[in-house]
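# Notes for the structure review
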Amino acid sequence: MFPKCSFVVLLDQNALVAGRRNSGVLQLELAEAIRRAEAIDLVYETVAVCGFGGGKNRRVATRDVYRMPLHVALPKGGLAAGTYRYPFHIDVPLNIPPEYEGNDCSIRHRINTNLDVDWAIDPSTSVVPPVVTAALSVQGGPVFVRTDRAFHNDIVVELSLTTAAVKRGEFFEGAVAVRGAPGANYDAVVLDFSSFAQVRFGGGATRSQSHTVIRIPAEALRSGAAIPFRIPTSASTPITARNGFFDLDVRLNVSLDLPWSFDPEIAIPLTVVDRQSTIVGERGGVVLGTERLRQLTHFVAKRTGLVPGAAPVFVQGAVGPVRFSLADRIEGGAPRVAVQFTYPDLGLGLLTRPLGMLDGFKEKNLPGALADRYLLEQRSNRFRPSDAAALVSAATEQLPGFEHFEFSDHHLGFDAPLYGDESAALTALAEFAKARAKALATAIANLPSPAEFPAAARWRESATTLLATHDGGGFIPSAPALIGLGRRVRTNTGEERAFWFSVTTEWHDGRPDTVITIDADVPFGRGLHDGLAAAKFDGKSTLSEPLFRALRILEGTVTGTAEEASVQNASSYQLRIHRAGILADPAASVPVFDALIAFALATRDERTVDAPYR
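Residues numbered from 1 in each chain as written. Predicted model: local features only at pLDDT ≥ 70, side-chain atom pairs only at ≥ 80, totals over all residues. Heavy atoms only, no water.

Another point: the overall build of the chain. When helices and strands are tallied, the chain shows eight helices and 38 strands. Computed over C-alpha atoms, the radius of gyration of the chain comes to 41 Å, more than 25% over the 25 Å expected from 2.2 N^0.38 for 614 residues, which places it beyond the range of a compact globule. Residues counted as buried form 50% of the 614 residues belonging to the chain. Residue pairs in contact within the chain that sit at least 24 positions apart in sequence constitute 64% of those at least 6 positions apart. Of the roughly 29600 Å² of accessible surface on the chain, a fraction of 52% belongs to carbon and sulfur atoms. A distance of 3 Å separates the average location of the 62 positive side-chain charges in the chain from that of its 67 negative side-chain charges. (Helix = DSSP H or I, 4+ residues; strand = E, 2+ residues; numbered from the N terminus. Rg over C-alpha atoms; globule rule 2.2 N^0.38 Å. Buried < 20%, exposed > 50% of the residue type's maximum accessible area, 1.4 Å probe, protein only. Contact = heavy atoms within 4.5 Å. Areas by Shrake-Rupley, 256 points an atom, 1.4 Å probe, with all protein chains shown as cover. Lys, Arg positive; Asp, Glu negative; His and termini not counted. Charge placed at Lys NZ, Arg CZ, Asp CG, Glu CD.)

This part covers the layout of surface pockets. If a probe as big as a water molecule is rolled over the atoms, it shows which places are left empty. Considering only enclosed or pocket space, the largest pocket measures out at about 720 Å³ in volume. In terms of lining, the largest pocket is formed by 29 residues, of which the most central are Pro-344, Asp-345, Ile-483, Ser-502 and Thr-504. Put simply, the parts of the chain that give the lining of the largest pocket at least two residues each are strand S32 (481-490), strand S33 (496-508), strand S34 (511-520) and strand S37 (574-580). No other element matches S33, which puts seven residues into the lining of the largest pocket. Of the residues assigned to the lining of the largest pocket, the class counts are nine nonpolar, 13 polar and seven charged. The computed volume of the second largest pocket comes to approximately 600 Å³. Along its surface, the second largest pocket is lined by 29 residues, and Arg-179, Gly-180, Leu-293, Pro-312 and Asp-328 are the ones closest to its centre. Counting only elements with at least two residues in the lining of the second largest pocket, the list comes to strand S15 (171-180), helix H2 (289-304), strand S24 (313-319) and strand S25 (322-331). Considering each element in turn, the lining of the second largest pocket owes the most residues, six residues, to H2. Across the lining of the second largest pocket, the residue classes tally to 14 nonpolar, nine polar and six charged. (1 Å grid on protein atoms, 1.4 Å probe; cavity = no way out; pocket = protein on both sides within 12 Å on 5 of 7 lines; lining within 4 Å. Points joined across faces, edges and corners; volume = space filled by probe spheres on them. Nonpolar A, V, L, I, M, F, W, Y, C, P; charged D, E, K, R; others polar.)

This next bit is on the side chain of Asp-585. Looking at the secondary structure, you find Asp-585 in the loop between strand S38 (582-583) and helix H8 (590-602). Engagement of the side chain of Asp-585 in a polar contact is seen with the side chain of Arg-458, the distance being 3.0 Å. A polar contact of 2.5 Å, which involves the side chain of Asp-585, links it to the side chain of Ser-462. Setting aside residues no more than four positions away along its own chain, Asp-585 makes contact with Arg-458, Trp-459 and Ser-462. (Polar contact = N/O pair within 3.5 Å; in protein donor to acceptor, adjacent residues only side chain to side chain.)

A few words on the nonpolar core. Counting 50 residues, the largest nonpolar core has Leu-326, Phe-341, Leu-391 and Phe-407 as its most contacted members. Here this core gets ten residues from one element, more than from any other, and that element is helix H4 (residues 422-445). Core analysis: the second largest hydrophobic core is formed by 39 residues, Ile-518, Ala-535, Leu-583 and Ile-597 among them. (Core = buried A, V, L, I, M, F, W, Y, C linked by side-chain atoms within 4.5 Å.)

This paragraph deals with the environment of Glu-291. Its place among the elements puts Glu-291 in helix H2. Of the residues examined, Glu-291 reaches a relative accessible area of 32% and is grouped as partly exposed. As for Glu-291 and Asn-569, which are separated by 278 residues in sequence, their C-alpha atoms are 40 Å apart. A distance of 2.6 Å separates the side chain of Glu-291 from the side chain of Arg-294, its partner in a polar contact.

At their nearest, the axes of helix H3 (residues 389-396) and H4 sit 9 Å apart, and the two run at 175° to each other. Considering the angle they form, H3 stands roughly antiparallel to H4. Of the residues in H4, those in contact with Ala-390, Leu-391, Ala-394, Ala-395 and Thr-396 of H3 are Arg-436, Ala-439, Leu-440, Ala-443 and Ile-444. Partitioned by chemical class, the residues of the contact of H3 with H4 number eight nonpolar, one polar and one charged. (Axes fitted to C-alpha atoms, helices over the stretch in contact; angles between N-to-C directions. Parallel < 35°, antiparallel > 145°, perpendicular 65-115°, else oblique.)

This next bit is on H2. End to end, H2 covers 23 Å across 16 residues, agreeing with the expected 22 Å (1.5 Å per residue, within 8%). Of the residues making up H2, those classed as buried are Gly-289, Leu-293, Leu-296, Thr-297, Val-300, Ala-301 and Thr-304. Looking straight down H2, one finds its buried side chains confined to an arc of 130°; they lie on one side. Buried residues belonging to H2 abut strand S13 (155-161), S15, strand S23 (307-308), S24, S25 and H4. (Expected span 1.5 Å × (residues − 1). Arc of directions from axis to C-beta.)

On to the pattern of salt bridges, then. Under the counting rule described, the total for this entry stands at 35 salt bridges. Across the pair Asp-415 and Arg-329 runs a salt bridge, and its minimum N-O distance is 2.6 Å. Of this pair, Asp-415 sits in strand S30 (residues 411-417) while Arg-329 sits in strand S25, and the two are 86 residues apart along the sequence. You can call Arg-329 partly exposed: its relative accessible area is 28%. One salt bridge connects Glu-377 with Arg-379, and the closest N-O pair in it is separated by 2.7 Å. Owing to a relative accessible area of 55%, Arg-379 belongs among the exposed residues under this scheme. (Salt bridge = Lys/Arg side-chain N within 4 Å of Asp/Glu carboxyl O.)

One open sheet accounts for three strands, arranged S1-S3-S6; its pairing is antiparallel. Strand pairing shows two members of the sheet lacking a second neighbour, strand S1 (6-11) and strand S6 (82-91), which therefore form its edges. The sheet shows a mean angle of 20° between the axes of neighbouring strands, direction not considered. Here strand S3 (residues 21-30) pairs with S6 via ten bridges, running antiparallel. (Pairing = 2+ DSSP bridges.)

Okay, the packing of helix H7 (residues 545-557) against H8 next. One can describe the packing of H7 onto H8 by two numbers: an axis separation of 8 Å at closest approach and a directional angle of 160°. Between H7 and H8, the angle is such that the two are roughly antiparallel. Considering only the axes of H7 and H8, their crossing is left-handed. Residues Pro-546, Leu-547, Arg-549, Ala-550, Ile-553 and Leu-554 of H7 touch H8, and the partners they reach there are Pro-591, Val-592, Ala-595, Leu-596, Ala-598 and Phe-599. Here the residues of the contact of H7 with H8 sort into eleven nonpolar, no polar and one charged. (Left-handed = near helix turned anticlockwise from the far one by under 90°.)

Okay, structure coming up:
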């Protein structure tokens, strides 16, 4: 009734190899004879199992993925006591799935053995054989992923992996960085390395199982630096496989932990294969975050000759009085470039604003698509629209972007998207900015002078001479103004100092005032406030004499009211002096510039020397 028999399954390669005929031996050991033994059965089977529902509705669906029965009939008289060996062959299909144990679903490989004994309980056993899936050749290589506007409107997550495919026991290595708009709020970026089983029988289901979770807090990411990470795999990590019953995949789920909100998530498909498989493609790194922006900045600067800027500015430059920059910006969940042009106030009264509900019947005065979204107003009575037509055309024609468009007497700005190769797109945008700055500078230089300014002709003549004898600078006829005339001097300490000089005409209720400004590359010294106070009364001290002299020269060259020249504003790097009235000839302001340089150096206990700088 209870015959005793032990089974031992011996495989030639200690495993079943997919795509091959595998040989082995079934060994039976009988302590005593079993005379009613009639047959030996060996069945290799691969079974897919998945549970559905719960409670009273709980059901478990089972499907045979592969089944290979072997049957050996025994001679009459059964088996005597002893050891018996039966060789066998098992053909394992090439596409046999790997062993898998997931979330209420599994794929199981078994070799079931049974001794059929008449009128008795059959001795049997079940063996779990190692199954080596077929060697595959899969594509590896580095991966770079960037989220879009569907992920988050103000935050872009960038992630790189050195490869998209690894063998069991190896690591996925990569880095993650966050580029966010100012004020974007999040708690962390969460990386979840998971396996997914797409069940295709019993009604179908998707089952996931998390293997490794990495949480990177926002404090580590806000600087924009790339944070490296490493995800291990092991012999138990599911490998990528597909068949008619289960589709097994591994993924890296990247989510953004938002406070009191739904956490957006993207999934990056990965591949895990057995050790005998081949991965095509070398591992490689993709630079992210601030380092990526830095490399992009230097690439564009080298190609265009522009000056690299401090983050978030990529590059910057100047053409005459027009300064421009290209800066990184996150808008609508995508990286964009904020293109900005600044120039001195032109006095034309130009200002653009978005079209309102009551502006539908107003004449469109901007080109192309801009006219459908914005309206240009001119709020100055001293100039006609035709006077500003060339400048408006230079500023608004054929722009590469229209988002956040702004245009006024001192500023032009808009956002442009980046498509495709970022380095090529940013280089092209920088070349556009250079050309547009040149067009703006030309249009500004050709603006008319105010009709009520009698010295306009003399200003134009002197401006040509002063621009030729100083570094940089520009002329604004509509003010009129001379901006940013540069000069370098060597001091008695052997150091070189740089100064920039501007003389502008500011209009208040139709009355012109003259303002002279000096900017320095190093801060004024500790003697600044003492010098300002002493210059109000006399110029007898070494410290106050240059500023006192500058104010007196300004009073002698500006024609107007009897108001004295005075210091309008002083800061660490800038000094402005002012007098009401018209400066007939800007060349007369050069001695003022010389005196202000001497004062700036005196606050630092320095002075100029005549020896050439070495």
